[in-house]
Amino acid sequence: MGSRITLKDVAARAGVSRATASLVVRGAGRVSEATRKRVFDTMDELGYVYHRGAAALRSQRTDVVGVLVTDISNPFFAEMTLGLEAELDTRGFVSLLTNTLDDPRRQDHLLTALREHQVAGLVVVPTQGTDAGLIDKLEAWGVTYVLATRYLEDRTTHYVGPDDVHGGELAAAHLIERGCRTLAYLGGPARAVARRDRVRGVRAAAEGKAEVLDLPGETSGRGGREVARQLTEVPDGVICHSDVVAFGVYRELRDRGAREPLVVGFDGVAEGELWEPPLTSVSAHPRELGRQAAELLTRQLTERSAAPEVVLIEPELVVRRSTDTTPRQRAS
């Protein structure tokens, strides 16, 4: 075995400067595809392996972004993460995804672990009950961060999320236009800021036009079934905290043989189009939300601004057959 191959050796064999070879292995800078391929081919030929850990120790920063979501099994967060990862990739970063399971203690543990891995920055969906102490901690650490989908009521900071008040208004106005005079908002944790904002929008749109019943619950299919069981009378229209909650509501009402109301979900996940009937939903454009979170984070990494930057995603009502007033055959 000969001496250890260095990046300088790779650069010399590839006919480029060491600085250019460094840009290629770090995925940074503007380097032509031909040069990039020649450097990587030379690395394979010489058996050179880039030591990212050592590079991180030298620069005090990696090209890894830590991503904390509450539950990746939720289709909304899955789609958001795909958009985020795609944008990070175009900017030379990779993501390290973790699930907090909506547990503040687990969130603290994971944040500490990601800090120890010297991540370049963080995209965080805060757990329920998170307060300004999270921001104080991240700023004391000097870590660049963006909050996504859930903002903190007691601190304005870098944030990307949907305009939930407007989303609630869209859902309620649509059902009222379809002739609904009794509405129910089903699912979602009682303390969730997104839920509070959506219900506020629903009540504003329904004022003087429809009665509104409010039943919080778990944001899951099981949670949808549980809140549907609490309905003593089926309302004309139902607004669900998420599309997944809507699936559970439908299943419970069908198992009971109950009349099906007009139903609007929230999030706009792809599976909603495959449901029967296809689900009308207020789309928060999860992939675009993820993309903008990545964009804001990388902008903060290069042009760090002291002033908080808030990006609100405009919701869109995607109308499908779940709010069609034409009589239809009930699915089993």
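That block above? That's the structure.
Residues numbered from 1 in each chain as written. Predicted model: local features only at pLDDT ≥ 70, side-chain atom pairs only at ≥ 80, totals over all residues. Heavy atoms only, no water.

1. What about the sheet that holds strand β4 (residues 144-148)?
Spatially, β2-β1-β3-β4-β5-β11 is the arrangement adopted by the six strands of the open sheet, whose pairing is parallel. What marks the edges here is a single partner per strand, and that holds for β2 (94-99) and β11 (310-313). Here the average twist between neighbouring strands, direction ignored, is 15°. Note that β4 and strand β5 (residues 159-162) share two bridges and pair parallel. By the bridge assignment, L147 is partnered in β5 with Y159. Its contacts with the sheet put helix α7 (residues 133-141) on β3 (121-124) and β4, and the angle it makes with β4 is roughly 155°. (Pairing = 2+ DSSP bridges. Helix = DSSP H or I, 4+ residues; strand = E, 2+ residues; numbered from the N terminus. Axes fitted to C-alpha atoms, helices over the stretch in contact; angles between N-to-C directions. Contact = heavy atoms within 4.5 Å.)

2. Focus on the sheet that holds strand β10 (residues 280-283)
One open sheet holds the six strands; their spatial order is β7-β6-β8-β9-β10-β12, and the pairing between them is mixed. The open sheet terminates on both sides in strands that have one partner only, identified here as β7 (211-215) and β12 (316-318). When the angles between neighbouring strand axes are averaged without regard to direction, this sheet yields 20°. Together, β6 (182-186), β8 (237-240), β9 (262-267), β10 and β12 form the strand contacts of helix α8 (residues 164-177), whose direction differs from that of β9 by roughly 165°.

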